[in-house]
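Below, each chain spelled out in residue letters.
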Amino acid sequence: MIPDKAPGEEVLHASGDLKKQAHIPSFEKYKELYIRSVESPEEFWGDVAKDFFWKTKYTGKFLDYNFDVTKGEIFVKCMEGATTNICYNVLDRNVHERKLGDKMAFYWEGNEPGDEKTVTYRELLQQVCKFANVLKSQDLTLMCDRVSIYMPMVVELVVAMLACARIGAVHSIVFAGFSAESLCERIMDSQCCILITADGFYRGNKLISLKLIADEVPWNPEVDLCWHSLFGGASEECEPVWCDSEDPLFILYTSGSTGKPKGVLHTVSGYMLYTAATFKMVFDYHSDDVYWCTADIGWITGHSYITYGPLANGATSVLFEGLPTYPDVSRMWEIVDKYHVSKFYTAPTAIRLLMKYGSEPVQKYKRTSLKILGTVGEPINPEAWQWYYSVVGEKRCPVVDTFWQTETGGHVMTPLPAATPMKPGSATFPFFGVVPAILNESGEELEGPSEGYLVFKQPWPGVMRTVYGNHERFETIYFKKFPGYYVTGDGCRRDKDGYYWITGRIDDMLNVSGHLLSTAEVESALVEHEAVAEAAVVGRPHPVKGESLYCFVTLNDGINYNQKLEAELKKQVREKIGAIATPDYIQNAPGLPKTRSGKIMRRVLRKIACNEQDLGDVSTLADSSVIEQLFENRCCTTV
C-alpha cells in the first residue's frame, strides 16, 4: 500500500493528463503486470517478443538459468533455439513493415551550435548496409569476430555498431575519453581484429586527437584504411546474418575491483527485448516523442538508451556531441527547445553542475515540450532531484530515477512515470521480471525496513551472460559471495513503504560523475611511477561529481614530495586510464594505516580524507602513530 504522503517526506504523483495516455497508467496496473512478469515470465515477455521478427521460434524454456554456484556452472539462456538479427529489428522492420522510413531517427547536434544534421530511418539503414559491406570486404565474415570502436558521438558511431550487429560481428566500444593504454588493454583482452576510429573531435574548446591516441602515428598505408574511400563504393544492399538468441552481441568493459577491467558480454535476443521494453515503459514512449539521452555511447547507457532501445521502438532521438556548459550553461535547454524534446535523460553529475549556476540559465528557455525527466549513472541526492523536478520540469514532469548497471543491460529499479508515486532520491520499485532482495553480511534475507546488500533472486532477459574469456571471474564476482543470488555490489535501504534507496558501492569501487572507477586500477597507475612505493585511493564526497578521488601516496626513500611530482602523478593516471580518473587530491603519506596482517584500513583513510576525527575502532592498527601524521598532511584544496 503506497501512502499519498508518508510522515515527514514528500510523495509526488504524475498529472492526470500523463496518466490518460500512459502505457502503465496506475500503480495497481504496475503491480498486476509485475506479478505476471515474475510468475509467468514466458507469457509476459512473449507479448513483448510479438513486436519483433524471428527467423525461427525458440524451443524449450523461455528463460533457463542457474544462479547457485553450489549446484554447478552459472548460466542464463533466453529463447534458446530462436534466430533473429537485432539490426534487422531496429532498422529494416521500421522501414519496411512499420513504414517509418521517412521518420527522423536522429537529430545530430555537434559540439558547436549550428553544427547539425539529420538522419532518417531509411538513410540510417542504407548507411549501415554500406558499412556492413565494408566490414565484409575486410574478410570480417566469421560470426563472432570482434571489432573495437573508438569514436566520438557522431552518427557514424551508431552506423558502425549496427553494421557489426548486422553481420554477426561482436562490437566492443571504448569510450573516447580513455587513454591509449586503456584502449590497448581492451583490444588485447577481447582479441579484436579491426579498430574503427576517427581523426579527432572537439569537446568544448579541447581537441581530442583519437587517431594519434590510437596508434601515435598520423597514417600508415599498410594498415590504415579510409572510411570515406571504402564507404563511397559500397552497396546499399546487405542481407542480415541470422543469429542464435544466445550469440554474443557486444562486449563492454567496466572497471573491476581487482584493477583489471572486465568485459561484460551481452547476447542478442534477451538484450533486445529488455532494452526495448524498458525504454518504452520507463520513458512512456509514444510515436510523437522526441527523446534525448545525454550519455556517451561508449557507456552502457548509450548502448541501451541511445542506440538499441530507442531504435527498437522507432523513436526519434537527439544525438549530442558536446558539453552541457559549452558554449554557455544554457546549452541543454536551448537544445530542448530547438528540437522540442519531450523525454530527457541525464546524469546527477550534470544536474549538480548546472545547479551551481542557478535557475536563470534554465528559465531563459521555455522547455514546454518536456513531459518526463530521467536520471542515470549514480544515486541522485534529494536536493538535486528537487531542483531538477522544480526548476527544469516546473513540477509537471515526473522524474524517473533509474538504477541499473553495465551488467544488467537495462533498468532494474525504477519508477514508471504515470504509475509510481515518487520519493525524491529513491529508485522506488523493481522493473518487470526483476526480483530484488536485501541481505545481511551472513546472507540472510531481510524483510521490511532494512539495509544491506542489494541482490537479485532470478534473471531477466537482459542480464549479462559472462565476463568475456573468464567465466570463473564472472561467477566469483557476482555469485560466490551469496550462492543463489546475483550480487550487485551496491548497498540498499528499503523503507517502511517498500521503496528502495540505493546507498552506493560496497566494494572497492568509486562512482565519479556516474563512471565506475576501480580504486585498485588507480592505485596501480600511481605505483608504476618510480617515485611511489605504495598508494591507497578512497572516495571523498564532491558537490558535483558525487565522489572525488583522494589518493594517499607513500614515496620511496630519498624522494621529496613537491608540485612537480604531483603533476607527474596526475599525468601518469590520465595516461594510464583516462582524464576521468585524474585525482582530485594527492596527499603525501609517509605511512598508511594497516592492520597487523598488513591490510590497509580504507575506512580510516576515508575518515581522514573527509577530516572526520571519530575513527571508530582502531585497536587492530599495527602502528597508530601514522594517524596523526596523516591528519597533519591532509589536502584542503584540490590539486
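Residues numbered from 1 in each chain as written. Predicted model: local features only at pLDDT ≥ 70, side-chain atom pairs only at ≥ 80, totals over all residues. Heavy atoms only, no water.

Things to note about the sheet that holds strand E17 (residues 372–375)
Note on sheets: strands pair through backbone hydrogen bonds, and any given pair is parallel or antiparallel. The condition that has to hold: Strands were regarded as paired on the criterion that DSSP finds at least two bridges between them. The way it works is that DSSP assigns letters per residue, a run of H or I at least four long becomes a helix, a run of E at least two long becomes a strand, and they are numbered from the N terminus. Here an axis means a line fitted to C-alpha atoms, over the contact stretch when the element is a helix, while the angle between two N-to-C directions is reported on a 0 to 180 degree scale.
The mixed open sheet is built from 7 strands, whose spatial order is E5-E4-E15-E14-E16-E17-E18. Unpaired on one side and paired on the other, strand E5 (116–120) and strand E18 (399–401) mark the two borders of the sheet. Averaged over all adjacent pairs, the angle separating strand axes in this sheet is 20°, with direction ignored. Sheet analysis places strand E14 (residues 290–293) next to strand E15 (residues 316–320), joined by 3 bridges and oriented parallel. Looking at the pairing, Trp 292 lines up with Val 318 of E15.

A few points about the sheet that holds strand E20 (residues 450–456)
With antiparallel pairing, 4 strands are arranged side by side in an open sheet as E19-E20-E22-E23. Looking at the sheet topology across the chains shown, the edges are occupied by strand E19 (436–439) and strand E23 (500–505). Taken over all neighbouring pairs, the strand axes of this sheet differ in orientation by 45° on average, direction set aside. By the bridge criterion, 5 bridges tie strand E22 (residues 486–494) to E23 in an arrangement that is antiparallel. Bridge pairing links Asp 490 to Arg 505 in E23.

Section: the UniProt feature "domain: Acetyl-coenzyme A synthetase N-terminal" (unreviewed entry) in the protein chain
Put simply, the rule is: UniProt positions are given in the numbering used here, feature names are shortened, and annotations may be inferred rather than shown by experiment.
As recorded in UniProt, the feature "domain: Acetyl-coenzyme A synthetase N-terminal" (unreviewed entry) lies at residues 30–90. Secondary structure over residues 30–90 splits into 39% helix and 16% strand, and the C-alpha atoms at its two ends are 27 Å apart.

Quick notes on empty space enclosed by the protein
Put simply, the rule is: Throughout, the protein atoms alone are placed on a 1 Å grid, and a set of points is a cavity if a 1.4 Å probe fits but cannot get out or a pocket if it is open with protein on both sides within 12 Å along at least five of seven lines; lining residues have an atom within 4 Å of a point. Grid points are joined across faces, edges and corners, and a volume is the space filled by probe spheres set on the points. Note on residue categories: nonpolar means Ala, Val, Leu, Ile, Met, Phe, Trp, Tyr, Cys or Pro, charged means Asp, Glu, Lys or Arg, and polar means any other residue, Gly included.
Using the criterion set out here, one finds 1 cavity of 30 Å³ or more in the structure. The space that makes up the largest cavity amounts to roughly 40 Å³. Residues that form the lining of the largest cavity fall into these classes: 7 nonpolar, 1 polar and 1 charged.

Some words on the confidence of the model for the protein chain
For the record, the criterion: For every residue, the predictor assigns a confidence score, pLDDT, that lies between 0 and 100. Should any heavy atoms of two residues lie within 4.5 Å, those residues are considered in contact.
Across the protein chain, the average pLDDT comes to 92, with 95% of residues at or above 70. Across residues 1–8, confidence stays below pLDDT 50; counting only partners more than four residues off in sequence or on other chains, it has 16 contacts.

A word on the environment of Ala 315
To be explicit about the condition: Note on classification: 1.4 Å probe, protein chains only; a residue is buried when its accessible area is under 20% of the maximum for its type, exposed when over 50%, partly exposed between these limits.
Looking at the element boundaries, Ala 315 is found in the loop between helix H11 (300–312) and E15. In this structure Ala 315 comes out as buried when scored by relative accessible area, which is 0%.

Observations concerning the layout of surface pockets
Put simply, the second largest pocket is a space of about 1,000 Å³. As for the second largest pocket, its lining consists of 37 residues, and the residues nearest its centre are Leu 195, Ile 196, Thr 197, Lys 211 and Leu 225. Of all the secondary structure elements, the ones that give two or more residues to the lining of the second largest pocket are helix H5 (121–137), helix H7 (180–190), strand E8 (194–197), helix H8 (210–215) and helix H9 (227–232). The element that contributes the greatest number of residues to the lining of the second largest pocket is H7, accounting for 5 residues. Looking at the lining of the second largest pocket residue by residue, the classes come out as 26 nonpolar, 5 polar and 6 charged.

Some thoughts on the pattern of salt bridges
What counts here: Salt bridge, as used here, is a side-chain nitrogen of Lys or Arg placed within 4 Å of a carboxyl oxygen of Asp or Glu.
This structure, assessed with the given rule, holds 35 salt bridges. Where Glu 80 meets Lys 77, a salt bridge forms, and the shortest distance between an N and an O atom there is 3.6 Å. Taking relative accessible area as the criterion, Glu 80 reaches 38% and is therefore assigned partly exposed. Judged by its relative accessible area of 32%, Lys 77 falls in the partly exposed class. Between Arg 602 and Glu 523 there is a salt bridge, with the nearest N and O atoms lying 2.6 Å from each other. Of the two residues, Arg 602 is situated in helix H19 (residues 602–609) and Glu 523 in helix H17 (residues 519–527); the sequence distance between them amounts to 79 residues. Note on accessibility: Arg 602 and Glu 523 belong to one class, buried. Among the ionic contacts, a cluster of salt bridges with common partners joins Glu 109, Glu 116, Arg 331, Glu 334 and Lys 338.

A few points about the nonpolar core
Heads up, the condition is: Here, the term nonpolar core denotes a set of buried Ala, Val, Leu, Ile, Met, Phe, Trp, Tyr and Cys residues that are joined through side-chain atoms within 4.5 Å.
Ranked by internal contacts, the top residues of the largest apolar core, which has 126 residues, are Leu 124, Phe 131, Ile 149, Leu 162, Phe 431 and Phe 432. Contacts of Ile 149, omitting those with residues within four sequence positions, involve Leu 157, Ala 160, Met 161, Cys 164, His 171, Ser 172, Ile 173, Val 174 and Ile 196. Of all hydrophobic cores here, the second largest spans 33 residues; its members include Leu 183, Ala 198, Ile 208 and Leu 569.

Brief notes about the packing of H19 against helix H20 (residues 625–632)
The cut-off we apply is this: Any angle between 65 and 115 degrees counts as roughly perpendicular, while under 35 counts as roughly parallel, over 145 as roughly antiparallel, and the rest as oblique. Left-handed describes a crossing in which the near helix is turned anticlockwise from the far one by less than a right angle; the clockwise case is right-handed.
Where H19 contacts H20, the axes come no closer than 10 Å and their chain directions differ by 30°. Between H19 and H20, the angle is such that the two are roughly parallel. Note that H19 runs across H20; the crossing there is right-handed. Taking contact as the criterion, the partners of Val 604, Leu 605 and Ile 608 in H19 are, on H20, Ile 627, Leu 630 and Phe 631. Residue composition of the contact of H19 with H20, grouped by class: 6 nonpolar, no polar and no charged.

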